[in-house]
Amino acid sequence: MKRLLAVLALVLLLISLGAAADDLKAYGYDLWAFAREDDKGFTLHVDARGGTAPYTFDVSITRGGVTVGSARGANAGKVDVSVPGLASGLYYVTTTAIDANGATANDAMIASLVLGSDGGYSLFVRGGGSPPAPTPTPEPTPEPTPEPTPTPDPTPTPEPGEIVITPNVGSAYIDDTYRLSADRRGVTWRSSDKKIATVSKNGVVKCKKAGEVVITATDRSGAWGSISISVVNRLRSIKFKDSKIKMTLGGNNAALLVIPNPSDTLFAIDQWTSSNENVAVVDEHGLVTAVGVGKAKIRAISDTGKKATCTVTVVRPKQ
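Residues take numbers from 1 onward in each chain, read along the sequence in its written order. For a predicted model such as this one, the threshold for reporting local features is a pLDDT of at least 70, and the threshold for listing and counting side-chain atom pairs is 80 or more; totals across whole chains, interfaces and linings nevertheless cover every residue. Processing note: side-chain calculations cover all non-hydrogen atoms of the structure and skip hydrogens and water entirely.

A.B. asks: Residues and numbers for the overall build of the protein, please.
C.D. replies: Under the DSSP-based scheme used, a helix requires at least four consecutive residues in state H or I and a strand at least two consecutive residues in state E, with every element numbered from the N terminus. Within the protein, the secondary structure is distributed over one helix and 26 strands. Only protein chains enter the area calculation, which uses a 1.4 Å probe; residues under 20% of their type maximum are buried, those over 50% are exposed, and those in between are partly exposed. A buried classification covers 39% of the 319 residues belonging to the protein. Note on contacts: a residue pair is in contact if any heavy atoms of the two residues lie within 4.5 Å. A sequence separation of at least 24 residues applies to 56% of the contacts in the protein between residues at least 6 apart. With an accessible surface of roughly 18,700 Å², the protein has 52% of that area assigned to carbon and sulfur atoms. Residue-level accessible areas treat just the shown protein chains as cover; the underlying method is Shrake-Rupley with a 1.4 Å probe.

Right under this line is the structure:
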């Protein structure tokens, strides 16, 4: 009973301070890069659910642990974030929603940007998510009207440009090897840059150095198909931007930022853990909430097993 009363008191304290609303969710999604005559950066959509409207949105973009762009918006929708000196590399995009009571929630994306020499680019994004759509009111099911069975059309002859290549690799590490397949026989394989990746006559791709490469398959009829592969360095280690942080019980949540080594690689955090959930808990995005006074170690584990640890110290608010 004493523990239940303590938990209820803590919940009331959090609500009264406006620190964090349990049902507040932030969303960052539809990330694109842009390049204008006098401006470069990223465009994304932001939204929020739960908490108390209206919301304010902060978007922060970091690279290699350094903030390279930020923006604030008072409304959900599209946000442009300028990034001076935009270049190929790995970017972290954090969307923070702040409700009318000061409660916060975060959403994060990892984006690998590869700029081409022709002014184009490739962008591979992990994380983030659009807000759930409202559940539609079901319509009554009309009685089906029998229709005559249509006469099947003959299978069309493939036109040039319709070769389908699988798998669509997207991104790969140096030294990775993939076997590609085309949806027809007798194709010729080519690589746009053999220094980055080679492809054999049987469609075997070998990734050799970091960069962007296009693998193309053609046949004698003139049909063709292609896929782009972003080759990146393999992850060697990860660390937190801050190895130690201090939080106030009943204060704002803390978003932990993981920095990879090397910085131009792709990775995902598969697991977040807390050594003492009576002191601090962490969600799947690395957002830490203080729940009791004391110390806890927050650990992040990557999809390749690399680990990083941050020590969280939670203190009581000053009277």
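A.B. asks: Go over the environment of Gly41, please, and point to the residues and values.
C.D. replies: Along the polypeptide, Gly41 turns up in strand β2 (residues 40-49). Residue classification places Gly41 among the buried residues on the basis of a relative accessible area of 0%. In sequence terms Gly41 and Ser82 are 41 residues apart; their C-alpha atoms lie 4.4 Å from each other. Here Gly41 is in contact with Trp32, Ala33, Phe34, Val81, Ser82, Val83 and Leu86, once residues within four sequence places are set aside.

A.B. asks: Before we move on, could you go through the sheet that holds strand β20 (residues 254-255) and cite the residues and values that matter?
C.D. replies: For two strands to count as paired, DSSP must find a minimum of two bridges between them. Spatially, the three strands line up as an open sheet ordered β20-β24-β23, and their pairing is antiparallel. At either end of the open sheet lies a strand with only one pairing partner, and these are β20 and β23 (280-282). As paired elements, β20 and strand β24 (residues 287-290) share two bridges and run antiparallel to each other. What sits directly across from Ala254, in β24, is Val288.

A.B. asks: Describe the pairing of strand β15 (residues 204-207), naming the residues involved and giving the relevant values.
C.D. replies: A one-sided burial pattern is seen for β15, the buried positions being Val205 and Cys207 and the unburied ones Val204 and Lys206. By the bridge criterion, three bridges tie strand β11 (residues 177-179) to β15 in an arrangement that is antiparallel. Paired with Thr177 across the bridge in β15 is Lys206. One ladder, built from three bridges, connects strand β14 (residues 197-199) with β15; its direction is antiparallel. Opposite Val199, over in β15, you have Val205 as the bridge partner. What sits between β14 and β15 in their antiparallel hairpin is a turn of four residues, with Gly203 showing a positive phi close to 85 degrees.

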